[in-house]
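# Understanding the architecture of this molecule
So the chains spell out like this:
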Protein chains: 2
Amino acid sequence: MNTNFDMQNFILDFSNSCQKQQKKIFSKNEVVTTYIKNRNQLCILLDGHADLVRYDLNGNRTIVEHFSKNALFGEVFYTITTNNELLVEAKSNCTVLFYIYDDIFHKCKNNCKFHQTLSENLPQLILNKVTDLNMRIELLTKRSTRDKLLGYFSLLSTRNLSKSFELPFSLTDLADYLSVDRSAMMRELKLLKEDGFIQKIGNRIILLYK
Amino acid sequence: MNTNFDMQNFILDFSNSCQKQQKKIFSKNEVVTTYIKNRNQLCILLDGHADLVRYDLNGNRTIVEHFSKNALFGEVFYTITTNNELLVEAKSNCTVLFYIYDDIFHKCKNNCKFHQTLSENLPQLILNKVTDLNMRIELLTKRSTRDKLLGYFSLLSTRNLSKSFELPFSLTDLADYLSVDRSAMMRELKLLKEDGFIQKIGNRIILLYK
DNA sequence: TATTTTCCGTTGCAAAAGCAACACATTATG
DNA sequence: CATAATGTGTTGCTTTTGCAACGGAAAATA
């Protein structure tokens, strides 16, 4: 199995070769899918950005996950226990492939090359998702808003191989992602600037500490 | 592939048939493993309970995950970015199988039945881990200590198919698991009792709401 | 381009959570 | 069995966070 499996090329080659999938295109702010118990949908984001969003009974909005190119999502990854609404919202124009997980799992009758390759590579793809989720948990378990912000910035910095990077969120969305109040986060952001930890120019953050 | 793959029976049948694994036994409070960058260890907990614990620079202790029988863990699931210490502590006597992930992935030279079955079932096993992590994220994104407690209790209640259940943690550990201050959590627990949401007898919680 | 909508930045005040400390109970351990 | 270590329950005080509200900037839309 290849750790560096190239999803994008693979998809381009095979995405039209199987009957058991649906390809759809969404424009910004459209709802890509809603999580429904027992349907076991699995989706692949071919292009664009989308967020998994939860609205709870207190009216709080939480960005549970942020998806970019090649991300996997769908209720197959989620045990839906509460009555909270879970939906995936397109943050830009998106191209999405839809499957029912069992179809991938059991392969389709045609035994097509697409399904074969995908099911071979599924463990690695899902494993990537696990490491993403663990990073998210590391962020969320930080005890203060300051540590959450610094933790998230440090993650983006590592990903971009630079102390300077663009935020992939609006500040409103960032607060919903870190699961904190927006105004409290703005206050902390201001303190981080005043204390010389960061610089912020438009949507760009520059880390000033070693 | 079988969703109800019986790990335990499988392990019992095959756990001695492959060279590329190590089986070890730990007693309570021993360190099962420490997460080390790039080693890509994968472990299976055959029996007992263990916690993945993180100690951060502020001296806070966080229980990142709680493992019971058949749980998968190891740094293969974790991108180690920070300098925080990550270790798995046995909470009771434990039996653990150790692998290097690549050995499972690429199958061992013998092409033994054990590896074959395990790699066939790995997607489903990892998928279970994903759903667990998503439940954990749902808990951690709750905004108040009260909601975290109620969320966790409701989860245990669902798992035990009963409004009454034992806590798998000491209260000290529960606070570290929910990522809140212990004394603040105790205060909230008291309020939940006073407000008639729960009853607590020893280590047992009884949910009193519909 | 005019107008509506969303986002940013800020603040005062209230509520929640964290910190530190302590007594007592329970559980391990020599 | 005595003693040490760990866990529980509580409280006063401080700090952090959340809530509500507002004006202006920026972006989307008609």
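First, a word on what this report is: a plain description of the structure on this page. Keep in mind that this is a model prediction, so the values were computed, not measured. (Residues numbered from 1 in each chain as written. Chains lettered and ligands numbered in written order. Predicted model: local features only at pLDDT ≥ 70, side-chain atom pairs only at ≥ 80, totals over all residues. Heavy atoms only, no water.)

### Comments concerning the interface of chain B and chain A
Between chain B and chain A, the residue contacts involve 41 residues of the former and 40 residues of the latter. Note on chain B versus chain A: buried area summed over both sides is about 3900 Å², and carbon and sulfur give 58% of it. Summed over the shared surface of chain B and chain A, the result is 0 salt bridges. For the side of chain B that touches chain A, the elements supplying multiple residues, two or more each, are strand S5 (61–67), helix H2 (101–105) and helix H3 (113–140) of chain B. Sort the elements by how many residues they give to the side of chain B that touches chain A and H3 of chain B lands first, with 14 residues. Split by residue class, the side of chain B that touches chain A holds 16 nonpolar, 14 polar and 11 charged. (Contact = heavy atoms within 4.5 Å. Buried area = accessible area lost by both parts, 1.4 Å probe. Salt bridge = Lys/Arg side-chain N within 4 Å of Asp/Glu carboxyl O. Helix = DSSP H or I, 4+ residues; strand = E, 2+ residues; numbered from the N terminus. Nonpolar A, V, L, I, M, F, W, Y, C, P; charged D, E, K, R; others polar.)

### Things to note about the sheet that holds strand S7 (residues 85–90) of chain B
All names here are of chain B. One open sheet accounts for 4 strands, arranged S2-S7-S4-S5; its pairing is antiparallel. The sheet terminates laterally at strand S2 (31–34) and S5, the two strands that pair on one side only. Neighbour-to-neighbour, the strand axes of the sheet open up by a mean angle of 25°, direction not taken into account. The pairing of strand S4 (residues 50–55) with S5 spans 6 bridges and is antiparallel. Looking at the pairing, Val53 lines up with Ile63 of S5. This element, helix H5 (residues 171–178), spans S4 and S5 of the sheet and lies at about 95° to S5. (Pairing = 2+ DSSP bridges. Axes fitted to C-alpha atoms, helices over the stretch in contact; angles between N-to-C directions.)

### Here we look at the protein's contact with DNA strand D
As a matter of local geometry, DNA strand D sits amid 19 residues, with Ser144, Thr145, Asp181 and Ser183 of chain A together with Lys190 of chain B nearest to it. The sugar and phosphate moieties of DNA strand D supply 51% of its atoms located within 4 Å of the protein. Separating a base nitrogen of DNA strand D from a side-chain N or O atom of Arg187 of chain A is a distance of 3.0 Å. A distance of 3.0 Å separates a phosphate oxygen of DNA strand D from a polar side-chain atom of Lys190 of chain B. Going through the elements one at a time, helix H6 (182–194) of chain A together with H5 and helix H6 (182–194) of chain B are the ones with two or more residues in the surface near DNA strand D. (Near = heavy atom within 4 Å. Polar contact = N/O pair within 3.5 Å; in protein donor to acceptor, adjacent residues only side chain to side chain.)

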